[in-house]
Amino acid sequence: MNNFVTDAINLKAYNLSEADKIIVMYSRDKGLIRGVAKGVKKPKSKLGARMDLLVANKLMLYKGKNLDRICQAEALNTFQKTRQNMDKIFYSMYVTEIVTNFGVEDDPCSNEVYELLYKALDKISNASDTVQILIAVIKFQLKIMQIAGFGIELDTCLCCREHIKEENMYFSSQMGGIVCAECNETLKLRTVMHYKLRDFLNACLQYDFDYVSEYDEKANEKVCMVCFELLKEYINVHSAKKFNSTNILQEIK
């Protein structure tokens, strides 16, 4: 059969003609997919707002030779509260751009990535303040990089392999983790990481979005922003594509 059904989240959209758009989506079953939404720009389109960005749909698509065609769409989550807050919009754009940059077609981890993206977007949408938004994004950053094969080492020094406990350390985006103070006498890394910051990141990596750890409760906006920026830099280093959303985030801060 040429038709298939899947859950998918809209990531990007391109104009194809006066009435049609190409929608880039991340799907539960097939990873990154691209589908033509025919007539979506017409006022009476059956697809309509379900093809907006940051919408999760249950889709029926017709398998085409080059591009699939979106036949039906039933909205699963429009993340409505996100659309009422600029910070939520931009941080949601950022996490979807990570998926766009690291996602692949026919991804064997598609179900895991889809669930992670859906939970992150839902948590951002329902966040009551900036700290909750940032914690959701930090958890997503750590977990998506682990799935992509770029997990960060946060327990042992990447040079001497000794466990780093309650002492300050250094972080290397290039190497992908922490380095002890002794080994850094040679490397001369400049990004200092307090051990409590490392413990907070470890908790974010370990726990799901719905679990509020003691570190989450103690975290403030400054701590969260430091962690977000550190992980953003790490992700930028390991991404083959440049990020546009982070430039927008920088402009509004």
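Another point: the sheet that holds strand β5 (residues 68-77). Read around the closed barrel, 5 strands run β1-β2-β3-β5-β4, paired in mixed fashion. Going from strand to strand, the sheet's axes swing by 50° on average, the running direction of each strand aside. Pairing between strand β2 (residues 21-27) and strand β3 (residues 31-37): 7 bridges, direction antiparallel. The partner of Val24 across the bridge, within β3, is Arg34. The sheet contacts of helix α2 (residues 110-126) involve β1 (3-15), β2, β3, β4 (56-62) and β5, and relative to β1 the element is tilted by about 55°.

Let us now look at the packing of helix α1 (residues 86-102) against α2. Relative orientation of the contacting elements α1 and α2 amounts to 170°, with a least axis distance of 9 Å. Our classification of the angle between α1 and α2 gives roughly antiparallel. Across the interface between the two elements, Lys88, Tyr91, Ser92, Val95, Thr96 and Val99 of α1 pack against Val113, Leu117, Leu121, Ile124, Ser125 and Asn126 of α2. A breakdown of the residues in the contact of α1 with α2 according to their chemical character gives 7 nonpolar, 4 polar and 1 charged.

Bringing the environment of Val104 into the picture now. By the element assignment, Val104 lies in the loop between α1 and α2. Along the primary structure Val104 and Gln146 are separated by 42 residues, whereas in three dimensions their C-alpha atoms are 15 Å apart. Discounting residues that sit within four places of it in the chain, Val104 has contacts with Lys30, Gly31 and Leu32.

Turning to the pairing of β5, a few remarks are in order. Pairing of β3 with β5, which is carried by 2 bridges, proceeds in the parallel orientation. Bridge pairing links Val36 to Arg69 in β5. Note that β4 and β5 share 7 bridges and pair antiparallel. Looking at β5, one finds that Lys58 is bridged to Glu74. Linking β4 to β5, which pair antiparallel, is a turn of 5 residues.

To continue, consider the state of the cysteines. Covalently bonding the sulfur atom of one cysteine to the sulfur atom of another cysteine gives a disulfide. By the definition in use, this model includes 0 disulfides. Left unpaired, Cys224 is separated from the closest cysteine sulfur, that of Cys227, by 6.6 Å. Taking the relative accessible area as the measure of exposure, Cys227 reaches 1% and is therefore buried.

Another point: the packing of α1 against helix α7 (residues 221-238). One can describe the packing of α1 onto α7 by two numbers: an axis separation of 12 Å at closest approach and a directional angle of 25°. On the basis of their axis angle, the class for α1 and α7 is roughly parallel. Relative to α7, the crossing made by α1 is left-handed. Here Tyr91, Tyr94, Ile98 and Phe102 of α1 come into contact with α7, specifically with Met225, Phe228, Lys232, Ile235 and His238. In terms of residue class, the contact of α1 with α7 is made up of 7 nonpolar, 1 polar and 1 charged.

What follows covers the pattern of salt bridges. Any two side chains of opposite charge can pair, given that their charged atoms come close. Taken as a whole and judged by the stated rule, the model has 12 salt bridges. For the salt bridge of Glu115 with Arg28, the shortest nitrogen-to-oxygen distance reads 2.6 Å. With Glu115 in helix α2 and Arg28 in the loop between β2 and β3, the pair connects residues that are 87 residues apart, well separated along the chain. Assessed through its relative accessible area of 27%, Glu115 is described here as partly exposed. With relative accessibility at 21%, the residue Arg28 sits in the partly exposed group. Across the pair Lys63 and Asp68 runs a salt bridge, and its minimum N-O distance is 3.8 Å. What makes Asp68 buried here is its relative accessible area of 7%. One salt-bridge network, held together by shared partners, links Asp7, Arg28, Lys58 and Glu115.

The rules behind these values
Residues numbered from 1 in each chain as written. Predicted model: local features only at pLDDT ≥ 70, side-chain atom pairs only at ≥ 80, totals over all residues. Heavy atoms only, no water. Pairing = 2+ DSSP bridges. Helix = DSSP H or I, 4+ residues; strand = E, 2+ residues; numbered from the N terminus. Axes fitted to C-alpha atoms, helices over the stretch in contact; angles between N-to-C directions. Contact = heavy atoms within 4.5 Å. Parallel < 35°, antiparallel > 145°, perpendicular 65-115°, else oblique. Nonpolar A, V, L, I, M, F, W, Y, C, P; charged D, E, K, R; others polar. Disulfide = S-S within 2.5 Å. Buried < 20%, exposed > 50% of the residue type's maximum accessible area, 1.4 Å probe, protein only. Left-handed = near helix turned anticlockwise from the far one by under 90°. Salt bridge = Lys/Arg side-chain N within 4 Å of Asp/Glu carboxyl O.

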